[in-house]
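# Coordinates in review
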Amino acid sequence: MKIDEQTLIQAALRARENAYAPYSGFRVGAALLAQDGTVYTGCNVECASFSVTNCAERTALFKAVSEGERHFTALAVVGGKDDTPQAEITPCGVCRQALYEFCGGDLIVLMAQDEAHFTRCTLAELLPAGFGPKELV
């Protein structure tokens, strides 16, 4: 099953609606496309103890991995203050590293404001010289 970029971005926008961001007001949604066409979504979840906060991208990734998925082709991410998504919200460094573990540098990353306004790149472009399982051999 092939899913187009706009559909993946729509899933990220819907996931953003569930964000729990009472401290920053910065709500993020992510949609991770598995190789088999399944979409796993996530939102950011803040905590009063800030180090416990989890990003939307890792929420989607960990949800997928916990359900046995290991192969991914694309990620859409949207975010911004309160109800206004901003263009080109990039995954943080921790999320980039977690995604690299399972996706490698070929993962397509869509950083979007909405279905019509987005930037497309690869994870390798966001995490040059990434360190992953292959480097441990």
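Residues numbered from 1 in each chain as written. Predicted model: local features only at pLDDT ≥ 70, side-chain atom pairs only at ≥ 80, totals over all residues. Heavy atoms only, no water.

### Description of the overall build of the protein
Within the protein one finds 4 helices and 5 strands. Over its C-alpha trace the protein gives a radius of gyration of 14 Å, about what one expects of a compact globule, namely 14 Å for 137 residues. By residue count, 48% of the 137 residues in the protein fall in the buried class. Pairs at least 24 residues apart make up 62% of the contacts formed inside the protein by residues separated by at least 6 positions. In the form shown here, the protein has an accessible surface area of approximately 7,100 Å², with 54% of it arising from carbon and sulfur atoms. Computing the positive centroid from 11 side-chain charges and the negative centroid from 17, the protein places the two 2 Å apart. (Helix = DSSP H or I, 4+ residues; strand = E, 2+ residues; numbered from the N terminus. Rg over C-alpha atoms; globule rule 2.2 N^0.38 Å. Buried < 20%, exposed > 50% of the residue type's maximum accessible area, 1.4 Å probe, protein only. Contact = heavy atoms within 4.5 Å. Areas by Shrake-Rupley, 256 points an atom, 1.4 Å probe, with all protein chains shown as cover. Lys, Arg positive; Asp, Glu negative; His and termini not counted. Charge placed at Lys NZ, Arg CZ, Asp CG, Glu CD.)

### Observations regarding the pairing of strand E2 (residues 39-43)
Sheet analysis places strand E1 (residues 26-34) next to E2, joined by 5 bridges and oriented antiparallel. When the sheet's bridge partners are listed, Leu33 is paired in E2 with Val39. Connecting the antiparallel pair E1 and E2 is a turn made up of 4 residues, with Gly37 showing a positive phi of about 100 degrees. (Pairing = 2+ DSSP bridges.)

### What about the nonpolar core?
Grouped together as the largest cluster of nonpolar side chains are 24 residues, with contacts concentrated most on Leu32, Leu61, Phe72, Leu75, Leu99, Leu107 and Val109. Contributing elements (two or more residues each) for this core: E1, helix H2 (56-66), strand E3 (72-81), helix H3 (93-103), strand E4 (108-114) and helix H4 (123-126). For this core, the leading source of residues is H2, giving 5 residues. Excluding anything up to four places from it in sequence, Leu99 contacts Leu32, Glu57, Leu61, Leu75, Gly104, Leu107 and Leu123. (Core = buried A, V, L, I, M, F, W, Y, C linked by side-chain atoms within 4.5 Å.)

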